[in-house]
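# Analysis of the macromolecular model
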Amino acid sequence: MAIKKTLLEDIANELNVSKTLVSMVINGKGDAYGISKKTQERVLAKAGEMQYTPNVFARALRTGKSNLIGLVVADISNPFYSNIAKHVEKALAEKGYNLLICSTDENLEREEKLVQLFAEQHIIDGLIIATTNTTSDFFKKDRLKNFPLVFIDRYLPNIETNYVVANNYQGSFELTNLLITKGCKNILALSITPSHISSLTERIKGYKDALEEYHIPFKKENLIEISFDNIQADVRDKLSPILKNASKIDAIYTLNNHIATACLNLFNELSFDALKENVLLASFDDISLFDFVKPNIISVSQPLEQIGKEAASLVLELIDEKGEELKQFKKIVLPTSIISRG
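Notes on the structure follow.

## Concerning the pairing of strand S7 (residues 223–226)
With burial as the criterion, only one face of S7 is covered, namely that bearing Ile 224 and Ile 226; the residues Leu 223 and Glu 225 on the opposite face remain uncovered. Summarising the sheet, strand S6 (residues 187–192) and S7 pair through four bridges and their orientation is parallel. Bridging from a neighbouring strand, Ile 192 pairs with Ile 226 of S7. Running through helix H9 (residues 198–213), the crossover from S6 to the neighbouring parallel element S7 is right-handed.

## Re helix H10 (residues 231–243)
Along its 13 residues, H10 runs 17 Å from first to last C-alpha, staying within 8% of the 18 Å computed at 1.5 Å per residue. In H10, a bend of some 30° at Asp 237 exceeds every other bend along the element, and Pro 241, a proline, comes one to four places later. Here H10 has its buried residues at Ile 231, Asp 234, Val 235, Leu 239, Ser 240 and Leu 243. Elements in contact with the buried residues of H10: S6, S7, strand S8 (251–254) and helix H11 (257–270).

## Structural notes on the sheet that holds strand S12 (residues 337–339)
The strand order S7-S6-S8-S9-S10-S12 describes an open sheet built from six strands, whose pairing is mixed. Of all the strands in the sheet, just S7 and S12 have a single pairing partner and so form its edges. Between one strand axis and the next, the sheet turns by 20° as a mean value, whatever way the strands run. Bridge analysis of strand S10 (residues 297–301) against S12 gives three bridges, and the strand direction is antiparallel. If you follow Val 300 over to S12, its bridge partner there is Ile 338. On the sheet, H9 packs against S6, S7, S8 and strand S9 (280–284) and is oriented at approximately 170° with respect to S6. Each of S6, S7 and S8 is contacted by H10, which is oriented at about 155° to S7, the strand it contacts most.

## What to know about the side chain of Arg 341
Mapped onto the fold, Arg 341 is located in the segment after S12. At 3.1 Å, the side chain of Arg 341 forms a polar contact with the side chain of Asp 291. Among the polar contacts made by the side chain of Arg 341, one reaches the side chain of Ser 299 at a distance of 3.2 Å. The contacts of Arg 341, once residues within four sequence positions are left out, are Asp 286, Ile 287, Phe 290, Asp 291, Asn 296, Ile 297 and Ser 299.

## Comments concerning the nonpolar core
By size, the foremost hydrophobic cluster in this structure holds 46 residues, and its most contacted members are Ile 187, Leu 190, Val 235, Leu 239, Ile 252 and Tyr 253. With seven residues, H11 is the largest single contributor of residues to this core. Beyond its immediate sequence surroundings of up to four residues, Leu 239 is in contact with Leu 188, Leu 190, Ile 252, Cys 263 and Leu 266. Counting 30 residues, the second-largest nonpolar core is a separate cluster that includes Ala 74, Tyr 81, Leu 304 and Ile 319.

## Observations concerning the pattern of salt bridges
Pairing of side chains with opposite charge becomes possible as their charged atoms draw close. Tallied over the entire structure, the rule returns 15 salt bridges. One salt bridge connects Arg 341 with Asp 286, and the closest N-O pair in it is separated by 2.6 Å. Of the two residues, Arg 341 sits in the segment after S12 while Asp 286 sits in the loop between S9 and S10, which places them 55 residues apart along the sequence. Here Lys 309 and Glu 305 are joined by a salt bridge, their closest N and O atoms 2.9 Å apart. In this pair, Lys 309 and Glu 305 are both assigned in helix H12 (residues 304–320), four residues apart and thus about one turn of the helix distant. The exposure class of Lys 309 is partly exposed, given its relative accessible area of 45%. According to the relative accessible area criterion, Glu 305 is partly exposed, its value standing at 39%.

## Focus on unusual backbone geometry
Residues other than glycine predominantly adopt negative phi, and peptide bonds predominantly adopt the trans conformation. Across the junction of Thr 193 and Pro 194, the peptide omega takes the value -5°, indicating a cis bond. Assignment of secondary structure puts Pro 194 in the loop between S6 and H9. With omega at 5°, the peptide bond leading from Lys 294 into Pro 295 counts as cis. As for its position among the elements, Pro 295 is in the loop between S9 and S10. Residue Glu 106 is not a glycine yet carries a positive backbone phi of 60°.

Procedures and definitions
- Residues numbered from 1 in each chain as written.
- Predicted model: local features only at pLDDT ≥ 70, side-chain atom pairs only at ≥ 80, totals over all residues.
- Heavy atoms only, no water.
- Buried < 20%, exposed > 50% of the residue type's maximum accessible area, 1.4 Å probe, protein only.
- Helix = DSSP H or I, 4+ residues; strand = E, 2+ residues; numbered from the N terminus.
- Pairing = 2+ DSSP bridges.
- Right-handed = clockwise from strand over helix to strand, strands pointing away.
- Expected span 1.5 Å × (residues − 1).
- Bend = angle between axes of the 7 residues up to and from the residue.
- Contact = heavy atoms within 4.5 Å.
- Axes fitted to C-alpha atoms, helices over the stretch in contact; angles between N-to-C directions.
- Polar contact = N/O pair within 3.5 Å; in protein donor to acceptor, adjacent residues only side chain to side chain.
- Core = buried A, V, L, I, M, F, W, Y, C linked by side-chain atoms within 4.5 Å.
- Salt bridge = Lys/Arg side-chain N within 4 Å of Asp/Glu carboxyl O.

Here it is, written out as C-alpha cells:
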C-alpha cells in the first residue's frame, strides 16, 4: 500500500491555518510577512512531525530556483566521467546544491532532449555538459543564451562559452613522443566515435604532430575508428587481423580507456603476448585497472578532481551572475601527466 505524501494543505488543516501561511513559513518568508515566531515554530514542528518533504520541481517553477545542477555526460559507466561526477557532486554539496546526472550514450537526439527538459522546464539552475553536438546552433537558442552552462571534456569551436577541459593535444603529443623514444615507429592509433568531438580531434592532432616531429610518415591505415556502440566487437574485428601479423606494428595507442580494456580482453582471447611480440600498449585516460594488468600500460592521466571542482565552481559563479551580460568567458585548460609503468 502506497504511503500518502504530506502536502501543504495537510499541515494547514492540522493547524487550522491557511495553506498560504504554511507555504510562507516553509519557504523561509515568515518574518518578511509578519508571521509570529510562535506560529512559525508551530508550522515547522508540524511539518517535521508529518515528515513533509518539499517538491523541489514545484518550488523551482514557483521561485525560479531549484538548487539542482544538471550533469550530462556521454557515458557515466566510464570511470573518467564517474570520477568527475563524484568531485562535482562533492563541490556542489558544500555550497548547498544537489546534482542530477544523466548519460547520453553519445546520442545527439537524447542529449538535446535532456538539455531542453532541464533548462527550458526550469528543473535545474545550471548545467555542466560533455556535449556530443557537432555544431553550436543548438546552444545558441534564446533559452540557453544566458543560461549558466559549462562544457567539460569537450567544447564547441564556433561558440563563445565557458569550459573546463584537459590539454588533450599536449597529453597525446607527449604520449606518442614517449612511444617513439622507446623505439616505436609504427604506432597504431585506435580512436572512437563520434570522431568530431574536440577531445578526440586534439588527441589525433597530437599523435600526428609527434610523428611528424620525428619524420615518421603518418599512415591512414594506422588510424582506426572504433564504434562507441559496439566497442569490444569492433576492436575484435579490426584488431585481430593486425595482431596475427604483429611484426607490422610496435605499439597500440588507444584514444579512450574503454578501447584499452577491449584490447586487453582481445589479447586474452587470442593468447597474444604483447611483451613477447614487442608491442607496447598505451591509452589516453588512466584507470585503476591499469595498475594490475599485463602488459604494462603507458597512459595519460587527466586531473579529474580539478576538472570537477573547476566545473562546479564555474557553474555556481555563472548562477550568481545570471541575468547580467558576461564580459569574459572562462576557458580553463588543465595539464595532463604521463604514467609510464614497467
